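Examining the three-dimensional arrangement
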Amino acid sequence: ELVQLFQERDSLPLSISRQNGNIEVRTKFKGDTMVTIAEAKMVKHHPDDFREFLENFNEAFPKVNPMVRNVLHLRFSDTREGVKSILKFPYPL
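Here the structure is a predicted model, which is why all the values come from computation and not from measurement.

1. Re the overall build of the protein
A tally of regular secondary structure across the protein gives 3 helices and 5 strands. In sequence order, the protein lays out its α and β elements as α-β-β-β-α-α-β-β. Each principal axis of the C-alpha distribution contributes one length, and for the protein these read about 40 × 35 × 30 Å. Counting only residues that meet the buried cut, the protein has 16% of its 93 residues in that class. Of the contacts formed within the protein by residues at least 6 apart in sequence, a portion of 17% connects residues at least 24 apart. Of the roughly 7900 Å² of accessible surface on the protein, 55% is carried by carbon and sulfur atoms. Side chains of the protein give 14 positive and 13 negative charges; the mean places of these two sets differ by 6 Å.

2. So, the environment of Phe57
Among the secondary structure elements, Phe57 is positioned in helix H3 (residues 57-64). Separated by 14 residues in the primary sequence, Phe57 and Val71 have C-alpha atoms spaced 8.8 Å apart. Discounting residues that sit within four places of it in the chain, Phe57 has contacts with Pro62, Val71, Val83 and Ser85.

3. Quick word on the packing of aromatic side chains
Counted under the stated rule, the structure contains 1 aromatic pair. Geometrically, the ring pair formed by Phe57 and Phe61 is stacked, given 4.8 Å between the ring centres and 15° between the ring planes. Highlighted residues: Phe57 and Phe61, both in helix H3, separated by 4 residues, approximately one helical turn. This pair shows no difference in class: Phe57 is buried, exactly as Phe61 is.

4. A look at the side chain of Glu24
When you line up the elements, Glu24 lands in strand E2 (residues 23-30). What makes Glu24 buried here is its relative accessible area of 11%. A polar contact is formed between the side chain of Glu24 and the side chain of Arg26, at a distance of 3.2 Å. The residues contacting Glu24, other than those within four sequence positions of it, are Leu14, Ile16, Ser17, Ile37, Ala38, Glu39 and Lys41.

5. Notes on the pairing of strand E4 (residues 68-75)
Where E4 lies against strand E5 (residues 81-87), 7 bridges are found, and the strand directions are antiparallel. For Arg75, the partnering residue across the bridge sits in E5 and is Glu81. The antiparallel hairpin formed by E4 and E5 contains 5 residues in its connecting segment.

Cut-offs used in this document
Residues numbered from 1 in each chain as written. Predicted model: local features only at pLDDT ≥ 70, side-chain atom pairs only at ≥ 80, totals over all residues. Heavy atoms only, no water. Helix = DSSP H or I, 4+ residues; strand = E, 2+ residues; numbered from the N terminus. Buried < 20%, exposed > 50% of the residue type's maximum accessible area, 1.4 Å probe, protein only. Contact = heavy atoms within 4.5 Å. Areas by Shrake-Rupley, 256 points an atom, 1.4 Å probe, with all protein chains shown as cover. Lys, Arg positive; Asp, Glu negative; His and termini not counted. Charge placed at Lys NZ, Arg CZ, Asp CG, Glu CD. Phe/Tyr/Trp six-rings, centres within 6.5 Å; stacked < 30°, edge-to-face > 60°. Polar contact = N/O pair within 3.5 Å; in protein donor to acceptor, adjacent residues only side chain to side chain. Pairing = 2+ DSSP bridges.

Shown next, in the form of structure tokens:
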């Protein structure tokens, strides 16, 4: 299901676009569940500059964001990984 979501990402409605389309956020609802895909196409920094932050993301994100219910590490292959964060929004959202 996740692989299919990435395959159809360009057809999903564009929710946010910044820096002349460099950063795009797309959102899809499945019932009462919202799925969001964010993509930064060109960044000034090399991805390795964020390695330390991303390596600890699963443990650190819930500590700084009280809305986080769970963070799941997703692995698709040796070179492709992702994160699924489950949030509880305050009422009435």
